[in-house]
Number of protein chains: 2
Amino acid sequence: MGRALSTTGAQDAGAQDAGTENAAAAQDAGGALYRQVAADLREAITTGAYGEAGRLPAEGALAERYGVSRGTVRQALAVLRADGLVTSRRGTRRVVLGNARVQSFSELLSFTHWARSMGEEPGGRLESLIRRPADAAEREQLRLEPGAEVYVTLRLRTLSDVPVMVERTVYPSHVGQLVAQLPPDVVSHTEQLREHGILFTDADHTIDVVTANAEDAKLLGCRRGAPLLRERRRTTDPTGRPVEWSQDRYLPGTVAFSVHNSLATSALSRHARADD
Amino acid sequence: MGRALSTTGAQDAGAQDAGTENAAAAQDAGGALYRQVAADLREAITTGAYGEAGRLPAEGALAERYGVSRGTVRQALAVLRADGLVTSRRGTRRVVLGNARVQSFSELLSFTHWARSMGEEPGGRLESLIRRPADAAEREQLRLEPGAEVYVTLRLRTLSDVPVMVERTVYPSHVGQLVAQLPPDVVSHTEQLREHGILFTDADHTIDVVTANAEDAKLLGCRRGAPLLRERRRTTDPTGRPVEWSQDRYLPGTVAFSVHNSLATSALSRHARADD
DNA sequence: CAGCAAAAGTTGGCTGGCCAACTTGATCTG
DNA sequence: CAGATCAAGTTGGCCAGCCAACTTTTGCTG
């Protein structure tokens, strides 16, 4: 892959002096070197440059090609391994596992971002926004003191004007205050919050099946008792403080969730459902 | 990342490989140093040693405590970060995110192992096992040549004799041959296959909702058209060769799937459901 | 005392090196 | 020719060090 990484293109030339310049150029490609290498290899793999079950070049060869150390290459390959694109065993070259397109974190967290990445037109209608004291479960999830207040939104989300999902989100007050000031027709709360300095960096998801209640049925246009795919999500900011506790209910056939895990890296788990 | 468990993770059958003089003394939890450190920190975090949203010691301090280099500590912390146990930002100490118990890889892949880890009694009844040419979709998933044959099993899985899941699995012939020789009352195919040298190391999961067909309804004792939580799973061995293509259908309320992702590591994604 | 500047503390990132463990293919041997 | 042995190639793991970027604390200044 010809693309020898802009920063290191002049590797010997003046690698360290021109730090600022090159760093800026690198930024739009992914900032860190290992991310650029990972992005380039991902591109090569998904376009089939190494074949269906082909073998990748050795770490050393890649290090030389990109003009980086082997450690950096290993960091890049760890990313691809975690995404399930390649295997990784001692003693033999890495093998291409699949060419699965893995969405970015923001595509996963933001309905709007996700929809646009598929070429669909996302929409959202705010049904209600109320402010009230948090109940026990909400205090637990959002790590709030007794008596703390939360903002609760109910939104109907659409793809090309077709209802697909009901979203019930609970915000702690410091976030909810911002949400309450947004115009009711704003499509992406996530993007608006980011511009106000609220960052989403970590999320825990739980996925199961529920039946539509009266409210769901009315909004989604399905029967009461109809099955819905539910995703419950707790999101935290970079400091680890919970910023969102949301429950999305999708009409069947509109979405599926996909995850990769391996002996090396696994974050998925299966729970018994005594809760809720 | 979760692994650290004795079962498959280390597959340390040939533990004779010396190398681990004093290191092994610490714990046989995991061969590698960073795994031992990770296991120890996980233990400390889940028992609340650092508090709910407490701060971890600095990398340097941990390195000194465990007598390893900072790089090794960073490797261990990367494991915990991927599991969603701690945050990780430049400039400040890591913060405890939660004390989520993350299942091991084998618990996730094996219904039997998972059930036992919850104290339930898993059961399974083989309804049918047939051998036939693979169709196009199966060839694609299992990466088979045209004309290749597959073994297809249909099993009803139970917890304490209560039906909870219907499992339809397609095996390539080299695995299916082994499955076909198993006694029909064997509970865990996965464990049996491992003893025959078939290892499961990577898996892709897709989770969505379907309605019960006549066969599902009969086996699970639900109405036809009732909602089921479906997990489709393709599993590969260490070399990247597909060894299993399975479709599990759970009764609502019996399980939920849970996953963590973050800006740093994300393997979960959301798909449109045009397929299938 | 408020606000700003400097300093200290901490993690992210990268390098270079070394050895062990493992896989694979070639070579030798009976 | 089958099987064992050996050598080369490759990844896993660990170390020591360095600097940059960022956060928090401290201390100074107006």
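Our structure's up above, just so we're on the same page.
Calculation notes
Residues numbered from 1 in each chain as written. Chains lettered and ligands numbered in written order. Predicted model: local features only at pLDDT ≥ 70, side-chain atom pairs only at ≥ 80, totals over all residues. Heavy atoms only, no water. Salt bridge = Lys/Arg side-chain N within 4 Å of Asp/Glu carboxyl O. Helix = DSSP H or I, 4+ residues; strand = E, 2+ residues; numbered from the N terminus. Buried < 20%, exposed > 50% of the residue type's maximum accessible area, 1.4 Å probe, protein only. Near = heavy atom within 4 Å. Polar contact = N/O pair within 3.5 Å; in protein donor to acceptor, adjacent residues only side chain to side chain. Nonpolar A, V, L, I, M, F, W, Y, C, P; charged D, E, K, R; others polar. Pairing = 2+ DSSP bridges.

A. Here's a closer look at the pattern of salt bridges. Residue and element names in this part refer to chain A. Scanning all chains against the criterion turns up 38 salt bridges over all chains. In this structure, the salt-bridge partner of glutamate 215 is arginine 168, at a minimum N-O distance of 2.9 Å. With glutamate 215 in helix α12 (residues 214–220) and arginine 168 in strand β3 (residues 162–172), the pair connects residues that are 47 residues apart, well separated along the chain. Since its relative accessible area comes to 38%, glutamate 215 is described here as partly exposed. Arginine 249 serves as the salt-bridge partner of aspartate 216, at 2.6 Å between the closest nitrogen and oxygen. With aspartate 216 in helix α12 and arginine 249 in strand β6 (residues 242–250), the pair connects residues that are 33 residues apart, well separated along the chain. By the burial criterion, aspartate 216 is buried, and arginine 249 matches it. Three or more residues are tied together by salt bridges with common partners; here these are Glu59, Arg70, Arg74 and Arg94.

B. View of the protein's contact with DNA strand D. As a structural note, the neighbourhood of DNA strand D is formed by 24 residues, with Ser88 and Arg93 of chain A together with Leu33, Thr72 and Arg90 of chain B the closest of them. Between arginine 90 of chain A and DNA strand D, the recorded distance is 3.1 Å, taken from a side-chain N or O atom to a sugar or linking oxygen. Here leucine 33 of chain B contributes a backbone N or O atom positioned 2.3 Å from a phosphate oxygen of DNA strand D. Breaking the surface near DNA strand D down by element, the ones donating at least two residues are α6 (70–82) of chain A together with α2 (33–46) and α4 (70–82) of chain B. Per element, the largest residue contribution to the surface near DNA strand D is three residues, and it comes from α4 of chain B. In terms of residue class, the surface near DNA strand D is made up of six nonpolar, eight polar and ten charged.

C. Representation of the protein's contact with DNA strand C. Around DNA strand C sit 23 residues, and of these Leu33, Thr72 and Arg90 of chain A together with Ser88 and Arg93 of chain B come closest. One of the side-chain N or O atoms of arginine 90 of chain A is found 2.5 Å from a sugar or linking oxygen in DNA strand C. In this structure, arginine 70 of chain B approaches DNA strand C through a side-chain N or O atom, which is 3.0 Å from a base nitrogen. For the surface near DNA strand C, the secondary structure elements donating two or more residues are α4 (33–46) and α6 of chain A together with α4 of chain B. Tallied by class, the residues present in the surface near DNA strand C amount to six nonpolar, seven polar and ten charged.

D. Region of interest: the pairing of strand β5 (residues 227–236) of chain B. All names here are of chain B. Among the ten residues in β5, ten count as buried, and that is most of the element. Burial of the side chains of β5 extends over both faces: Pro227, Leu229, Glu231, Arg233 and Thr235 are buried on one face and Leu228, Arg230, Arg232, Arg234 and Thr236 on the other. Sheet topology note: the strand β4 (residues 202–211)/β5 ladder contains ten bridges and is antiparallel. For histidine 205, the partnering residue across the bridge sits in β5 and is arginine 233. Examined bridge by bridge, β5 and strand β6 (residues 242–250) share eight bridges and lie antiparallel to one another. From the neighbouring strand, arginine 232 faces β6, where its bridge partner is glutamine 247.

E. Looking closely at the pairing of β6 of chain B. Residue and element names in this part refer to chain B. Counting buried residues along β6, nine of its nine residues qualify, which places the element largely inside the surrounding structure. Alignment of strand β3 (residues 162–172) against β6, held across six bridges, turns out to be antiparallel. Opposite methionine 165, over in β6, you have tyrosine 250 as the bridge partner. Here β5 folds back onto β6, and the loop between the two strands holds five residues, one of which, glycine 240, carries a positive phi near 90 degrees.

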